[in-house]
Protein chains: 2
Amino acid sequence: MANQQGLVSRAEDFNEWYNTLVLKADLADYGPVRGTMIIKPYGWALWENIQRALDWRFKATGHENAAFPMFIPMSFLEKEASHVKGFAPELAVVTHGGGEELTEPLAVRPTSETIIGHTYARWIQSYRDLPIKLNLWNSVVRWEKRTKLFLRTLEFYWQEGHTAHATAEEALAETRQMLDVYTDFARNEAAIPVIPGEKSENERFAGAEMTLTIEAMMGDGRALQSATSHFMGQNFARAFEIRYLDANNELQYCWTTSWGLSTRFIGAIIMTHGDDQGLVLPPKLAPIQVIVVPIFRQEEERTRVLEAARAIQQELQDNGLRVKVDERDNLTPGFKFNEWELKGVPVRVEIGPRDLQNETVMLARRDVPGREGKESVSRSGLVARVQELLAAIHDNLLERATQFRDSHTVAVSDYGAFKEAVEQGFARVWWAGSSEDEKRIQEETRATLRCIPLEQPGGEGTCFYTGRPATQIAIFGRSY
Amino acid sequence: MANQQGLVSRAEDFNEWYNTLVLKADLADYGPVRGTMIIKPYGWALWENIQRALDWRFKATGHENAAFPMFIPMSFLEKEASHVKGFAPELAVVTHGGGEELTEPLAVRPTSETIIGHTYARWIQSYRDLPIKLNLWNSVVRWEKRTKLFLRTLEFYWQEGHTAHATAEEALAETRQMLDVYTDFARNEAAIPVIPGEKSENERFAGAEMTLTIEAMMGDGRALQSATSHFMGQNFARAFEIRYLDANNELQYCWTTSWGLSTRFIGAIIMTHGDDQGLVLPPKLAPIQVIVVPIFRQEEERTRVLEAARAIQQELQDNGLRVKVDERDNLTPGFKFNEWELKGVPVRVEIGPRDLQNETVMLARRDVPGREGKESVSRSGLVARVQELLAAIHDNLLERATQFRDSHTVAVSDYGAFKEAVEQGFARVWWAGSSEDEKRIQEETRATLRCIPLEQPGGEGTCFYTGRPATQIAIFGRSY
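Residues numbered from 1 in each chain as written. Chains lettered and ligands numbered in written order. Predicted model: local features only at pLDDT ≥ 70, side-chain atom pairs only at ≥ 80, totals over all residues. Heavy atoms only, no water.

Asker: Explanation requested: the overall build of chain A in the structure shown.
Answerer: Across its full length, chain A holds 14 helices and 25 strands. In terms of C-alpha radius of gyration, chain A reaches 25 Å, essentially the compact-globule figure of 23 Å for 480 residues. When burial is assessed residue by residue, chain A has 59% of its 480 residues classed as buried. For chain A, restricting intrachain contacts to residue pairs at least 6 apart in sequence, the fraction spanning at least 24 positions comes to 69%. Element-wise, carbon and sulfur atoms account for 46% of the exposed surface of chain A, whose accessible area totals about 19,200 Å². Where the 54 positive side-chain charges of chain A centre and where its 67 negative ones centre are 3 Å apart. (Helix = DSSP H or I, 4+ residues; strand = E, 2+ residues; numbered from the N terminus. Rg over C-alpha atoms; globule rule 2.2 N^0.38 Å. Buried < 20%, exposed > 50% of the residue type's maximum accessible area, 1.4 Å probe, protein only. Contact = heavy atoms within 4.5 Å. Areas by Shrake-Rupley, 256 points an atom, 1.4 Å probe, with all protein chains shown as cover. Lys, Arg positive; Asp, Glu negative; His and termini not counted. Charge placed at Lys NZ, Arg CZ, Asp CG, Glu CD.)

Listed below in structure tokens is the structure:
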């Protein structure tokens, strides 16, 4: 049954809660073509904040942005065997342009490795041209059968990094560095405690020799792959002839990587922190960090209260915060409280005639519901307290999500316990199985190997499935 | 004949100068599909600076960013009669998705008025939902026959603003406001003295009732339409049923606008300011505002000079400037000077052992070639002088481009003089002709009516072409 926010509880129907919330919180809407998505201003502002937080990290690690065409000749996609196998079934194909049938159909990019490979082969001649470290902010198209806003849409927005290096070591270091960037971003900007790890062969990117991932646990215990970083070895270099003359004037193949994070991550934010009242946005990424709600009855109060509300907005903005005053005069304060709770604004400031008189304001934090999250502070101490609160909310969200994940992760040593564990979260196991074992487990339990965590306890155990001696721990879970 | 930069002179072959410069300056490259463009990091950084300079202006005038799908059902495009006529011949069409033929083919957006119209009709119910003022940063596709990097490519990057209003007055004010934003941006960020004006009916956007434009003059005297702002009247509102209940509970059609500026503007920057040595970038948009070239012979000098160069970079960056030190050790200073001149960096700092001794550095400004543009300044006064120089370069570029435009604009009163005028620039005329007259003039002279400038002298004259009494001045020119 829906609550006053128009949401069912997460416990009742997590899927329904999510779908309704995305629409009601004005994050996104369905596009007219099946499976497409309109990202509304509130959702796009969140994405812009994600972009900013990633973009400076990319630039600080020596990457530059560029733009590549969305149209890729079909023949390019066929050059790397496993790549075409992975992406061919999902392509959108342009067959006509300018009123005429094209001699070669064009794919709308599902990802840009092939056009990058073709281009890098032209750009790279000598070791002096290396490394090339580019990042693209764009959208890509994958013709998915089942779609869900943010998580899986025909077109989605992302960044894709593409680098080429002279040595395997350098490319491997890049692959790992970018996973570390994503891990840092997820924890310190989105308050999401991800598990960095390596994908098994089954789950690797089409054409990669190694895929690293950050895996997050959603509020229903399911896993969400939140970003990936791929070491391609020389697969694309050989397919596209990306070669360089080394210092000894010998021709060598390059080593390439790619890495990406998409608007899917918005889904991760919603499902990690959201509660039955709606979104709970991490303060560093929230489009609005502070909502100011003026409270008044008579018209003569109105002017004074609005003036005070605007002064608060100005002062908080001058301190670098994103602030909005809700001046709508056809809605009650109570209605506004609900709406901004639904939209997950981290801190609410309430100000009314009595506050003016007492030189105080009322603060409410989104992550602690009800009276417990409210406090009256002196007007002069407002900025400092809001800054403290935003930091405290970030820490609390991260802590809470970590506790949730850990309490829904069970170390198991037999298949029975495994099946129970993946019903409600992650199973942590010693693992020495094969790709076929993985597939069987997936068929039987719908759980997949999410990753082999980078952080390993060391030592040795017994594989929960095969009974063979195992040297590594794996995380299994049902995934989005 | 190509100079040391590998460029022919602009006087010799402006077109060849442009095409070579775009490639040599590392702004862009050709994509593998005919007519597509790869924007390289240096070009994309320029576009990012353009985006930043526009984006805050859009937000300051109450607009929000959002994202709409690139795929538009073909049937949408057919709903507004003149719109489909304008865009149908240029469409790229997706006919297959996920391995199957689609029941309805999809256009890759050539512009988003139709999908916006469809969506606004769903979003708008009451006058309280108005105005809606959105902006999209994306790429669009138009299947052009003849292409040229930045100026006309199958896919290009732009922003498209789309607004819906309750009254015609408000929509007209929006249309004009956004033209003013573009005019301000062009002058104060890009140092391009554009002429704001209205397009004639012939040159209007497909579906608009009024199109406003900013027109710039390129270094060869030709016109470049640099941004446009359209008043749609109720055309799209009627085609897509965008209606609202007014305060009296009566159903009304909305009034809509759209406005855009694209990567074409990079072409305008190149062709307005560039000289025979290469790009001359306006300081406020230049990806690198200051290039520091260290000069040394012996290894023991190297360390000291590089250290000083990096300290200069740090100090300038701390003052908010975009600075790079060219540390490449396989190239001579002379080679580097040429390369950064080609790339149009506004200010060069040279520092060598003698400068260290004298506590000075050498500055060179890109807009004044040779010795005249060089000066030695004290190390302690460097930051202040660089800031002065950047402002002076902006002013000089704007002044120079204004003088060039004015000296290539001739007020003419007969067709003979008109034909001479449009050979080398703009013709400024009294105008009372019809659409048919315009077409005839275009056939005979290749010149089109660029705009009716918003700023009019008033009074009355005689139309240069029809001999009829005329109350308005028009600008004609050959255009890109």
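Back to the write-up after that little detour.
Asker: Help me out: how do you make sense of the interface of chain B and chain A in this one?
Answerer: One frequently used descriptor of interface size is the decrease in accessible area upon assembly of the parts. Facing the 51 residues of chain B at the interface are 51 residues of chain A. Both sides of the chain B and chain A interface together cover about 4,200 Å² of buried area, and 63% of this is carbon and sulfur. The salt bridge partner of Glu48(A) is Lys59(B), with a shortest N-O separation of 3.1 Å. Counting every contact that joins chain B to chain A gives 23 residue pairs in polar contact (both at pLDDT 80 or more). With six residues, the top contributor of residues to the side of chain B that touches chain A is strand S5 (residues 92–97) of chain B. Taken together, the residues of the side of chain B that touches chain A break down into 30 nonpolar, 12 polar and nine charged. (Buried area = accessible area lost by both parts, 1.4 Å probe. Salt bridge = Lys/Arg side-chain N within 4 Å of Asp/Glu carboxyl O. Polar contact = N/O pair within 3.5 Å; in protein donor to acceptor, adjacent residues only side chain to side chain. Nonpolar A, V, L, I, M, F, W, Y, C, P; charged D, E, K, R; others polar.)

Asker: Can you walk me through unusual backbone geometry in this structure?
Answerer: Phi is mostly negative for residues that are not glycine, and the peptide bonds are mostly trans. Look at the link from Leu130(A) to Pro131(A): it is a cis peptide, with omega at -10 degrees. A positive phi angle, close to 55 degrees, is found at Glu359(A), a residue other than glycine. Here Glu359(A) shows up in the loop between helix H11 (353–358) and strand S18 (360–365). Residue Arg446(B) is not a glycine yet carries a positive backbone phi of 65 degrees. The residue Arg446(B) is located in the loop between helix H14 (435–445) and strand S22 (448–453) in this model.

Asker: So what exactly am I meant to see when it comes to the sheet that holds strand S8 (residues 155–165) of chain A here?
Answerer: Remark on secondary structure: sheet strands pair via backbone hydrogen bonds, oriented parallel or antiparallel. Residue and element names in this part refer to chain A. Reading across the sheet, the 11 strands line up as S3-S7-S8-S14-S11-S10-S9-S22-S25-S21-S20 and stay open at both edges, with mixed pairing between neighbours. Looking along the sheet, the strands with just one partner apiece sit at the ends: strand S3 (64–65) and strand S20 (409–411). As judged from the two bridges shared by S3 and strand S7 (residues 132–141), these two strands associate in the parallel manner. Residue pairing across strands places Glu-64 opposite Leu-134, the latter belonging to S7. (Pairing = 2+ DSSP bridges.)

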